Amino acid sequence: MSAEATPPSAIFHRSLGKVYPTAVSGQGIYLETKDGKQVIDGSSGAAVSCLGHGHPAVIQAIVEQAQRMSFAHTSFFTSNPAEELAELLLSQSAGAFHNVMFLSSGSEAVESAIKLARQYHVSNRQPERINFISRRYSYHGNTLGCLSAGFNPPRREQFAPLLSQAFHHVSPCFFSRDASPGEAESAYVDRLLQEYEQKIQSLGPKTIAGLIVEPIGGATLGSVPSAEGYLTGLRRLCDKYGSLLLFDEVMCGMGRAGTLHAWQSLGNVAPDLQTIGKGLGAGYQPISAILVGRQVHDSIKASQDVLPFVSGHTYQGHSIGCAAALAVQKVIIEQGLLANVEAMGKCLRSQLEASTPHLKEVRGLGLFLTAEFKAIGGSPISSRVAARCLDNGAAVYLCSSAVDAVMFAPPFIITEEEVGKLVEIFVLSVNEVLL
Ligand code: PLP
């Protein structure tokens, strides 16, 4: 529908011409639209709704917390759900982190993690450490700072020049696509690590505040896991040059890859700071967090008298958000849902691999999988496939235009039968597009 033909709408994006069905309810892996259509939430939105919809324990936790106390500003108070959620997250993280800072969105978490990293270096009397190295085609959020850190061309180009000259980019880690013919994985990783080291040297090692990485590249390139040895190599570089390692697990974390943190499936290399979001509250409430390592915490704490850490957002640590996330995480633990992520991940992967001859690759980990199309007749088909899928009863995530691919990240509760249904709709949609 053209912008002129779009009916007037009070919602900004709709008014610009984006026409979507109205979702009115949700149960399990399904969302229902106003006209009664059932749609499989095949990517949990953008890898958010990991528990599916309408979970009674989460709804009850939200209602009870709202009845008890909805909001108490964190400049004055803490709350039981926030304290309990922080304890739970730390206890589940095998000693990798020392405390937790709650925020409301992934972008807020990334912005605040960048500030924490800067403050850490200032606390250590190294204020000249202002530069961050991140990767081309990474996505770290939509605020101007996050867009500077990330590198998703269609999202950032129109806002150039971005806020900061302090973000520098190196190649993404995409072995299946970018390795030279015959290049072994270890040689490919060495090559990428050399590129980092050259970047560090050219900027000046003592100016580097941190390296920012999605352990599994998400929204832009579509669930690309780090190659073997890559995260270990980054840890080594950070230790060698005194910079911090920041993992952005807003999309790939909180169980999506089959382990609580994606890095636990990728060589078990812990970062100094980690951002989480999306699956933390599973979409029941907007909540994100930064997991803070001991070294960062201790340095900032030691200098608090002379240099207080000032960074606050009105809704950080919101008690209803924390209560919802606490209930979500308890259900995941009590029901052992990460085992289902692994089992259904294997099932979905094998069904996708066998689904159509038009796929170049199925990649990812756990229930974080991307199907990338072969070049068919020169023009990309993923946006048409995603649109057909929605019409046919399954919402799947369209990756950026950097790849011709759609992402599958269904709720952790999905069953084998539901996986079959999702793949059936995908195949039907691909065939309709290629007819
Ligand atoms: N970081 C990563 C890796 C993401 O995938 C996203 C969102 O997709 C963000 C940060 C930003 O999160 P939000 O959209 O909640 O601000």
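What counts, and at which threshold
- Starting from 1, residues in each chain are numbered consecutively following that chain's sequence as written.
- In keeping with the predicted nature of the model, local features appear solely for residues at pLDDT of at least 70, side-chain atom pairs appear and are counted solely at 80 or more, and the whole-chain, interface and lining totals rest on all residues.
- Criterion used throughout: strands pair if DSSP finds at least two bridges between them.
- Helix numbers and strand numbers start at the N terminus; a helix is a DSSP run of H or I with at least 4 residues, a strand a run of E with at least 2.
- What counts as a contact here is a pair of residues whose C-beta atoms, placed from the backbone, lie within 7 Å.
- Axis definition: a line fit to C-alpha positions, over the contact stretch in the case of helices; interaxial angles, taken between N-to-C directions, run 0 to 180 degrees.
- Whether a residue is buried, exposed or partly exposed is read from the other C-beta atoms within 10 Å of its own C-beta, which are placed from the backbone; 20 or more gives buried, 12 or fewer gives exposed, and intermediate counts give partly exposed.
- Roughly parallel means an angle under 35 degrees; roughly antiparallel means over 145; roughly perpendicular covers 65 to 115; every other angle is labelled oblique.
- Should the near helix be turned counterclockwise from the far one by less than a right angle, the crossing is left-handed, whereas a clockwise turn marks it as right-handed.
- Throughout, the ten residues Ala, Val, Leu, Ile, Met, Phe, Trp, Tyr, Cys and Pro are labelled nonpolar, Asp, Glu, Lys and Arg are labelled charged, and all others, Gly among them, are labelled polar.

(A) The arrangement of the sheet that holds strand E2 (residues 30-33) in detail. Strand order across the open sheet formed by four strands is E1-E2-E3-E15, with mixed pairing between neighbours. At either end of the open sheet lies a strand with only one pairing partner, and these are strand E1 (23-27) and strand E15 (394-395). Pairing of E2 with strand E3 (residues 38-41) involves three bridges; the strand directions are antiparallel. Among the inter-strand pairings, Leu31 is bridged to a residue of E3, identified as Val39. Lying over the sheet, helix H15 (residues 416-434) contacts E3 and E15, oriented at roughly 105° with respect to E3.

(B) Spotlight on the sheet that holds strand E17 (residues 405-408). In space, the four strands of this open sheet follow the order E13-E14-E17-E16, with antiparallel pairing throughout. Edge positions in the sheet fall to strand E13 (359-365) and strand E16 (397-398), since each of these pairs with one other strand and no more. Alignment of E13 against strand E14 (residues 368-373), held across six bridges, turns out to be antiparallel. By the bridge assignment for E14, Leu359 is matched with Phe373. Its contacts with the sheet place helix H14 (residues 382-392) against E14, E16 and E17, and it is angled at close to 40° to E17.

(C) Structural context of unusual backbone geometry. Positive phi outside glycine occurs at Ala47, with the angle close to 60°. Tracing the backbone shows Ala47 in helix H2 (residues 44-47). Residue classification places Ala47 among the buried residues on the basis of 27 C-beta atoms within 10 Å. Despite not being glycine, Ala94 shows a phi value in the positive range, around 50°. Looking at the secondary structure, you find Ala94 in the loop between helix H4 (80-91) and strand E4 (99-103).

(D) The arrangement of the packing of H14 against H15 in detail. Closest axis-to-axis distance for the H14/H15 pair is 8 Å, and the angle between their directions is 125°. Regarding the angle of H14 to H15, the classification is oblique. Crossing geometry of H14 relative to H15 is assigned as right-handed. Residues Arg384, Val385, Arg388, Cys389 and Asn392 of H14 form the contact with H15, whose participating residues are Ile425, Phe426, Leu428, Ser429, Val430, Glu432 and Val433. For the contact of H14 with H15, the class distribution of residues is seven nonpolar, two polar and three charged.

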